[in-house]
Amino acid sequence: MKTPAEQDSVKWIKSLVDREGFGPRMRTWLLNRWERHRLCAGLTEANKAIRQEIPLMAAVIAQYPALIDALIFDAAARERWAKGAADEVLCLLSSVECDSYLASLKAGYRMAAQVCADRRIEPFDLPKKPKQRDYEKAVLRMACEDWWHRTINKEAKRAAEHLEIAKGNVNRNTPYCSDNCVKQHQRTQKRQRSWMEEMAVASDFGDVLKLSEVVDSSMANPELRRVELLVRTAGLEKQATEEGRIGYFLTFTAPSRFHKASKKWNGCSPVAAHNWILDVWKRIRAKLNREQIDYYGLRVVEPHQDGTAHWHAVVFLNPDQVAEFKRICRRWCLQDEGKEKGAWRHRFHAKYIDPEKGSAVGYVIKYLSKNLNGAHMADELSEETPCAHNSKPEEADLNVPETIDRVVAWARRFGIRQFQFFGTGSVTLWRECRRTHKQTGPFPETFEEARAAAVANKWDAFCEVARSLQLEYEIEKEAGRYSDDTRRVIGVRAGDQVIHTRPKKWALVRPAKRDELIQSARGAPWSPTNNCTPCRKGDALDRHLALLGVGPEARSILERGGFVTSRLGDRYFALRGGQLREYH
């Protein structure tokens, strides 16, 4: 039974909650929080603590204006919300009557943008000088239920994790992200892996591969990605040594107001901390360009224990420009609250990479591994977690493999890019050159040199010889879901010659078709009888393909033994045994 003073405190808390507009979940959590404080520290301390926490919670929720309590935690409510928004836009668009198509699009965009404003969602942005197609793409998106669903889902997941940080559920015992976040990430990974095991990809030449095998052999595989990052870093270091440059290991940290562990925290999210450092880095780069300071390197983004983003970077500089580089970096890092305690020491730090003590690869390999897959770090402790000097026995030390899922879940939840090179060559061009390792020439001399360097994993040599090469794209007009132009890399341009690195086109195959296509690719008969449409020659075949919804350009693909699809993508056709076969 609560005392009169405690009952008055409960009424006071409820009035604060109602004033802030919190939902029932937040109300319950705050009351439970107050109760724990009361039992541990007494009524007065509990009231002081809750008085401080309510404004912080309000500041967090205010950053997600579209969300109410139900939308943050209820997936079904978000689906209904998205459907209602899309239906409202479609209803408004059906009532538009203007003299011209462009005027109708502009009126439709204004109506859809108003629906976004009413629901506190940013409308799809238009360029400064929008054209007719820009209006079309924007209106199609805002009239699509999936667009609304993706938008609100992203906001809801980030808001839920941001609230977990505000509640103190991201700390030294559960570092980087909350337990709920990492469990959701693991379930998503498991579900995606199960889906990939069922799916396949089929090429227009008749090749059929399991999607999971394709993914495992691509840069989506963390180990392959780690190796590529190390190869590129080693190449940069070798290039820097040949040019007489020296390396520095840099650390950038946001001000105290971005850190939940600080008393100055004002409710900022990890995205806000990352964007603050990113904005500072933009200003630094602009100043470095004006001062003609040449540099290149790699940056890594990772979280502190409380989920706040910070940067590590390896940069290579000319010796006579090091002092000016460090002065510019420190100046811009200390522009914002530069006099607060610890700012000079922690906001920016530069450490010389002494070749006699270690290499740049040695510095960065730890940060690459602990943010990807923890390879070769089974016995290493994460620097951001408690170490052996902990005084509390319940605080277990976490080694790097145990924190991998947490770091990756954190980066994906907040949409933060973990690794980025700057001032160096194109990695896409590097990968396209490596794709031709089994092709035979003749190739242009420049391309042959770049290909040889890429295949031999010599990033420094590749960057030197590939400067004149360009990627070649195939652009399909209005082929996207929202009438966007789709752009696909098809090869590398060396002067006037294009080396095609992707001669095949691939399409996802649904589970029902996968086994049939694989069996067909092996040449095995599907049934003892042949009930397929006879293959027709010449113009008759073209007319028959047109009736089936397949263009005449597919004839050469069929004659080579490949698959083609109907316009709707719901049927597959192939020539087998002189017959045109149809697969559903």
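Preceding this section is the structure that the text describes.
Now for a look at the structure at hand. (Residues numbered from 1 in each chain as written. Predicted model: local features only at pLDDT ≥ 70, side-chain atom pairs only at ≥ 80, totals over all residues. Heavy atoms only, no water.)

Notes on the overall build of the protein
Summing up its helical and strand segments, the protein has 22 helices and 15 strands in all. In the protein, of all internal contacts separated by at least 6 residues, the share reaching a separation of at least 24 is 64%. (Helix = DSSP H or I, 4+ residues; strand = E, 2+ residues; numbered from the N terminus. Contact = heavy atoms within 4.5 Å.)

Details of the sheet that holds strand S9 (residues 486-494)
Spatial ordering of the open sheet is given by S8-S9-S10, a layout of 3 strands whose pairing is antiparallel. The open sheet has two edge strands with one neighbour each: strand S8 (469-476) and strand S10 (497-500). Geometrically, the sheet is characterised by an average inter-axis angle of 45° between neighbouring strands, direction not taken into account. Running over the sheet, helix H17 (residues 427-434) touches S8 and S9 and is turned about 90° from S8. Here helix H18 (residues 445-455) sits on the sheet and contacts S8, S9 and S10; the angle it forms with S8, its principal contact strand, is near 95°. (Pairing = 2+ DSSP bridges. Axes fitted to C-alpha atoms, helices over the stretch in contact; angles between N-to-C directions.)

Notes on empty space enclosed by the protein
A complete count under the given rule lists 1 cavity of 30 Å³ or more for this structure. Along the walls of the largest cavity sit Ile 165, Phe 258, Lys 260, Trp 265, Cys 268, Ser 269, Pro 270, Asp 306, Gly 307 and Thr 308, which together make up its complete lining. Of the residues belonging to the lining of the largest cavity, the class tally is 5 nonpolar, 3 polar and 2 charged. (1 Å grid on protein atoms, 1.4 Å probe; cavity = no way out; pocket = protein on both sides within 12 Å on 5 of 7 lines; lining within 4 Å. Points joined across faces, edges and corners; volume = space filled by probe spheres on them. Nonpolar A, V, L, I, M, F, W, Y, C, P; charged D, E, K, R; others polar.)

Brief notes about the nonpolar core
Core analysis: the biggest nonpolar cluster contains 90 residues, and Trp 148, Phe 252 and Ile 284 have the highest contact counts within it. Per-element accounting of this core gives the leading share, 9 residues, to helix H8 (residues 145-166). Contact partners of Trp 148, with chain neighbours within four places excluded, come to Trp 81, Ala 82, Ala 85, Ala 86, Val 89, Val 115, Cys 116, Arg 119, Ile 121 and Met 142. By size, the runner-up hydrophobic cluster in this structure holds 40 residues, among which are Leu 229, Ala 360, Trp 459 and Val 492. (Core = buried A, V, L, I, M, F, W, Y, C linked by side-chain atoms within 4.5 Å. Buried < 20%, exposed > 50% of the residue type's maximum accessible area, 1.4 Å probe, protein only.)

A word on the pattern of salt bridges
This structure, assessed with the given rule, holds 39 salt bridges. Of the charged contacts, one joins Asp 87 and Lys 83 as a salt bridge, the two residues approaching to 2.9 Å between their closest N and O atoms. One end of the pair is Asp 87 and the other is Lys 83, both in helix H5 (residues 75-94) and 4 residues apart, which spans about a single turn. Looking at Asp 87, the relative accessible area reads 37%, which means it is partly exposed. Residue Lys 83 is classed as partly exposed on the basis of its relative accessible area, which comes to 43%. The salt bridge involving Arg 193 is made with Glu 197; its shortest N-O contact spans 3.4 Å. On the criterion of helical spacing, the pair formed by Arg 193 and Glu 197 is a turn pair, its members being 4 residues apart in helix H9 (residues 179-198). (Salt bridge = Lys/Arg side-chain N within 4 Å of Asp/Glu carboxyl O.)

Regarding the environment of Asp 306
Relative to the helices and strands, Asp 306 resides in the loop between strand S4 (295-303) and strand S5 (309-317). Residue classification places Asp 306 among the buried residues on the basis of a relative accessible area of 9%. A sequence separation of 140 residues divides Asp 306 from Ala 166, and the C-alpha atoms of the two residues are 9.7 Å apart. Leave out the neighbours within four places in its chain, and Asp 306 touches Ile 165, Val 170, His 259, Lys 260 and Ala 261. At a separation of 3.0 Å, a polar atom in the side chain of Asp 306 contacts the side chain of Thr 308. (Polar contact = N/O pair within 3.5 Å; in protein donor to acceptor, adjacent residues only side chain to side chain.)

Quick look at the pairing of strand S3 (residues 246-253)
Strand residues, when the strand is regular, have side chains that alternate between the two faces of the sheet. Most of S3 is tucked away, with 7 of its 8 residues classed as buried. Bridging between S3 and S5 involves 8 bridges; their strand directions are antiparallel. Residue pairing across strands places Leu 250 opposite Ala 313, the latter belonging to S5. Bridge count between S3 and strand S6 (residues 348-352): 5 bridges; the pairing is antiparallel. What sits directly across from Leu 250, in S6, is Ala 350.

Concerning the packing of aromatic side chains
Each aromatic ring pair is described using two quantities: the centre-to-centre distance and the angle formed by the ring planes. A complete count under the given rule lists 20 aromatic pairs for this structure. Pairing Tyr 248 with Tyr 352 gives two aromatic rings, centres 5.7 Å apart and planes at 55°, and the pair type is tilted. Here the residue Tyr 248 occupies a position in strand S3, and Tyr 352 occupies one in strand S6, the gap between them amounting to 104 residues. Its relative accessible area of 10% is what places Tyr 248 among the buried residues. Judged by centre distance (5.4 Å) and plane angle (85°), the ring pair of Trp 430 and Phe 462 falls under edge-to-face. Remark: Phe 462 occurs in helix H19 (residues 459-465) and Trp 430 occurs in helix H17; sequence separation between them is 32 residues. Just as Trp 430 is buried, Phe 462 falls in that class too. Every member of this aromatic cluster is reached through a ring pair, and the members are Phe 252, Trp 281, Tyr 295, Trp 311, Phe 325, Phe 348 and Phe 422. One residue, Arg 232, lies across the ring of Trp 459, its end atom 4.7 Å from the ring centre. (Phe/Tyr/Trp six-rings, centres within 6.5 Å; stacked < 30°, edge-to-face > 60°. Lys NZ or Arg CZ within 6 Å of the ring centre and 35° of its normal.)

Details of the environment of Gln 186
Mapped onto the fold, Gln 186 is located in helix H9. Taking C-alpha positions, Gln 186 is 8.3 Å from Ala 409, a pair spaced 223 residues apart along the chain.

Some details on the side chain of Ser 269
Position of Ser 269 among the secondary structure elements: in the loop between S3 and helix H12 (270-290). Leave out the neighbours within four places in its chain, and Ser 269 touches Gln 63, Tyr 64 and His 162.

So, the pairing of S5
Of all the 9 residues making up S5, 9 are buried; the element is thus mostly covered by neighbouring parts of the structure. Neither face of S5 is open: one carries Ala 309, Trp 311, Ala 313, Val 315 and Leu 317, the other His 310, His 312, Val 314 and Phe 316, and all of them are buried. With 9 bridges joining them, S4 and S5 adopt antiparallel strand pairing. When the sheet's bridge partners are listed, Gly 297 is paired in S5 with Val 315.

A look at the side chain of His 162
Positionally, His 162 belongs in helix H8. In this structure the side chain of His 162 is engaged in a polar contact, spanning 2.9 Å, whose partner is the backbone oxygen of Gly 267. Setting aside residues up to four positions removed in sequence, His 162 forms contacts with Val 60, Gln 63, Tyr 64, Trp 265, Gly 267, Cys 268, Ser 269 and Phe 414.

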